[in-house]
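Tertiary structure, described
Here are the chains, one letter per residue:
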2 protein chains.
Amino acid sequence: MSEQRSREIRLASRPVGLPNASHFELATVPVRAPGDGEIVVRNEWMSVDPYMRGMMIDQKSYARPFQVGEVMDGRAVGRVVASRSPQFAEGDYVFHMHGWRDYAVAPAEGFEKVDPALAPVEAFLGALGAPGLTAYVGLMRIAELKDGDAVFVSAAAGAVGSVACQLAKARGCYVVGSAGSDDKCSWLLDEAGIDAALNYRTCGDLTEAVGHAFPKGIDVNFENVGGPHLVAALNHMNTFGRIALCGMIAQYNDVTPSPGPSNLSLAIMRSLKLQGFVVRNHLDLKPQFMAEAGALIKAGKLKRRETVEEGLENAPRAFLKLFSGENFGKMLVHIA
Amino acid sequence: MSEQRSREIRLASRPVGLPNASHFELATVPVRAPGDGEIVVRNEWMSVDPYMRGMMIDQKSYARPFQVGEVMDGRAVGRVVASRSPQFAEGDYVFHMHGWRDYAVAPAEGFEKVDPALAPVEAFLGALGAPGLTAYVGLMRIAELKDGDAVFVSAAAGAVGSVACQLAKARGCYVVGSAGSDDKCSWLLDEAGIDAALNYRTCGDLTEAVGHAFPKGIDVNFENVGGPHLVAALNHMNTFGRIALCGMIAQYNDVTPSPGPSNLSLAIMRSLKLQGFVVRNHLDLKPQFMAEAGALIKAGKLKRRETVEEGLENAPRAFLKLFSGENFGKMLVHIA
């Protein structure tokens, strides 16, 4: 191991507005020998996620911001290549938070085994990972989903949205999703099996399109986008409707804040609940999510959709595609 | 009774923007004889409430809009002057929804006895009535108030806010209220006994002022105003904070919609719940509210504050004062 070197991607500077390649830098460092209780993991897959945009700037949030010069720690899956912990053996596949690098060396506590027999290991970064659990938490706990609800999912062909759509369908809900291309809409209809799909770039006025798709109104809005999507959803929410605020990707790169929904007072008139959440506060639901999602995957009722960028050096490009909507399903980087 | 005449106030036309006197008309009609099961009530007090603004226009909401030419039915308290129902006797004081008129004649089912021994009967339109219950529902059920929470109440010297402040204080909370005059702020501090009061007209930047008042952040926001108040509250909410959306009086007369809060994405970062509600869906809490509020009133720990306009003919003026902030506490009209 002593001669092994590892590439890593660091935050080079803090972006204002949309990040670009100059905000990242690639460095190469030696892989240090593991201490007692530590393991060495060769990363094979890593995840790029919208929440990391917030960590690139210095703001109070649920996650500590990255410092300039630090590696962009993120979710990854890899294989144990050396272990000084009884918890892991060489060859084990593990999920962990030390992505954006070739090799991770850290105490065993920060790693979690994944089962390659259940699904390809990269699925543990997507449908069977944090995005899938996020969909589950948002629907079940935050939006209090009931069988048969009318559900509107924005960014429905994304990592979280694609799972949210299918979990809701599995419970007999009427599901409509929005996405930014006809390809994505076709996948949502043909593969994910939802009831209607809206291409928000071509459907014209979003409030009108959502209204046509929901003649009986919306009970649950799983909101990943914000902006006009949230306005359109609010306009068609039924009394006692629930909105799970999962993301507002439309606004993450705003230099000056976008106005909020001008129709928020409908929340009073219609007794609506809007609730933001972060998956890390709801990890108690993971066992039941894994049981449900695992069964659906095996039954072929939860289709995984992933977009893969090859090579660690292309991780920044993969990350930036999240904001142009070029990702389709879970955006992954294949490292080795 | 046959020669008795009753004045009543009708919706003359639908307002666009701020209503004015021309949107109301005063008419006089004979008081009809009560049918079997009906009673006749001489109204003594009536209530003007912000929710009625929404009923003046033709929109889908929780309440059926008034039709042009109809009487502005609203909350009132009066005395039974004739009864053809075993439920009520002459002289009983009753609460009902047939205000904006001198005499109400209707089936007994729509009336409810009030106890003049507990408090002056007009209190059943304010602190012991729907505004008080609204405060209770918003704090206890919607915002899930916990003893010791830090609570921000906007329009704190209003009918609902003044009760919300005192209910929260009675549970050991740290309470800050906003109001639109120094008189109101003094009352909040000296009579309602809250911890700090902000005059939002003179305090400068509201986000900054709220920040100074809440060095440890806000757990519960009881929101009556919307607009910059909600933005300021969001900016200082603690993780897992709850916002009871009770009113957005700042926006009720908008001709074009005001932008919503540009910082709504904080709801995600801080796991906030925003929930709108309407008191009529929570009447199951009335017995426990009456027990708690009644005890506080008797103990002198729930101070009533009312603004009275004399004469039914001045009801429109009283109503309009709600939107200029000229009311202080519950706005009432003394009819007879």
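Reading guide: rules and limits
- Residues numbered from 1 in each chain as written.
- Chains lettered and ligands numbered in written order.
- Predicted model: local features only at pLDDT ≥ 70, side-chain atom pairs only at ≥ 80, totals over all residues.
- Heavy atoms only, no water.
- Pairing = 2+ DSSP bridges.
- Helix = DSSP H or I, 4+ residues; strand = E, 2+ residues; numbered from the N terminus.
- Right-handed = clockwise from strand over helix to strand, strands pointing away.
- Domains from an automatic or database assignment.
- Contact = heavy atoms within 4.5 Å.
- Buried area = accessible area lost by both parts, 1.4 Å probe.
- Salt bridge = Lys/Arg side-chain N within 4 Å of Asp/Glu carboxyl O.
- Least-squares fit on C-alpha atoms with pLDDT ≥ 70 in both.
- Buried < 20%, exposed > 50% of the residue type's maximum accessible area, 1.4 Å probe, protein only.
- Axes fitted to C-alpha atoms, helices over the stretch in contact; angles between N-to-C directions.
- Parallel < 35°, antiparallel > 145°, perpendicular 65-115°, else oblique.
- Left-handed = near helix turned anticlockwise from the far one by under 90°.
- Nonpolar A, V, L, I, M, F, W, Y, C, P; charged D, E, K, R; others polar.
- Phe/Tyr/Trp six-rings, centres within 6.5 Å; stacked < 30°, edge-to-face > 60°.
- Lys NZ or Arg CZ within 6 Å of the ring centre and 35° of its normal.

For chain A, the name recorded in an unreviewed UniProt entry is NADP-dependent oxidoreductase, with Chelatococcus reniformis as its organism.

All names here are of chain A. Here 4 bridges tie strand β9 (residues 174–179) to strand β10 (residues 196–199), and the two strands are oriented parallel to one another. Considered in β10, the bridge of S178 is made with L198. For the handedness criterion, the β-α-β arrangement of β9, helix α4 (residues 182–190) and β10 is classed as right-handed.

Residue and element names in this part refer to chain A. You can read the domains of chain A as domain 1 (5–126 + 305–334) and domain 2 (130–281). Every contact between the two is made by 21 residues of domain 1 and, on the other side, 17 residues of domain 2. Between domain 1 and domain 2, the buried area comes to about 1,500 Å², and carbon and sulfur atoms account for 62% of it. Of all residues in domain 1, Y62, R305 and F328 give up the largest surface area on contact with domain 2, accounting jointly for 31% of the area buried on that side. On inspection of domain 1 and its partner domain 2, the count reaches 0 salt bridges.

The next point concerns the relation of the copies chain A and chain B. Comparison of the two chain copies shows a relationship of rotation about an axis with a shift along it. With an RMSD of 0.0 Å, the fit of chain A onto chain B corresponds to turning through 180° and sliding 0.0 Å along the axis. Both chain copies can therefore be described as sitting about a two-fold axis. For chain A, the minimum C-alpha distance to the rotation axis belongs to A:G260 and amounts to 1.9 Å. Of the residues that chain A buries at the interface, 100% are likewise interface residues in chain B, meaning the two copies contact each other through the same surface.

Throughout the structure, instances matching the rule amount to 43 salt bridges over all chains. Between B:K303 and B:E191 there is a salt bridge; the shortest N-O distance is 3.6 Å. Taken together, the residues span a long stretch of sequence, with B:K303 in the loop between α8 (286–298) and β14 (306–310) and B:E191 in the loop between α4 (182–190) and β10 (196–199) at a distance of 112 residues. On the basis of relative accessible area, B:K303 is assigned to the partly exposed category, the value being 29%. On the basis of relative accessibility, which here comes to 39%, the residue B:E191 falls in the partly exposed class. Put simply, A:R7, A:R42, A:D102 and A:E313 are held in one network by salt bridges that share partners.

Residue and element names in this part refer to chain A. Remark: helix α2 (residues 130–142) packs on helix α3 (residues 159–170), axes separated minimally by 8 Å, with the N-to-C direction vectors making an angle of 50°. The pairing of α2 with α3 is recorded here as oblique in orientation. In terms of crossing hand, the pair formed by α2 and α3 is right-handed. Residue-level contacts link P131, G132, T134, A135, Y136 and L139 of α2 to A159, V160, V163, A164, L167 and A168 of α3. Residue composition of the contact of α2 with α3, by class: 10 nonpolar, 2 polar and no charged.

Taken as a whole and judged by the stated rule, the model has 20 aromatic pairs over all chains. For the pair A:F88 and A:F111, a centre-to-centre distance of 6.5 Å together with 75° between the ring planes defines the contact as edge-to-face. Taken together, the positions of A:F88 in the loop between β4 (76–83) and β5 (93–96) and A:F111 in the loop between β6 (103–107) and β7 (112–113) put the pair 23 residues apart, joining distant regions of the chain. Across the pair, exposure class does not vary: A:F88 and A:F111 are buried alike. Summarising the aromatic geometry, the rings of B:F152 and B:F214 are spaced 5.9 Å apart at their centres and angled 80° between planes, so their arrangement reads as edge-to-face. Here the residue B:F152 occupies a position in strand β8 (residues 150–153), and B:F214 occupies one in the loop between α5 (206–213) and β11 (218–223), the gap between them amounting to 62 residues. As far as the burial class goes, B:F152 and B:F214 line up, both buried. In this structure an aromatic cluster arises from ring pairing among A:F24, A:W100, A:F319 and A:F323. The ring centre of A:Y103 lies 4.9 Å from the NZ or CZ of A:R42, which sits over that ring. Geometry around A:F328 places A:R305 over its ring, the cationic atom sitting 3.7 Å from the centre.

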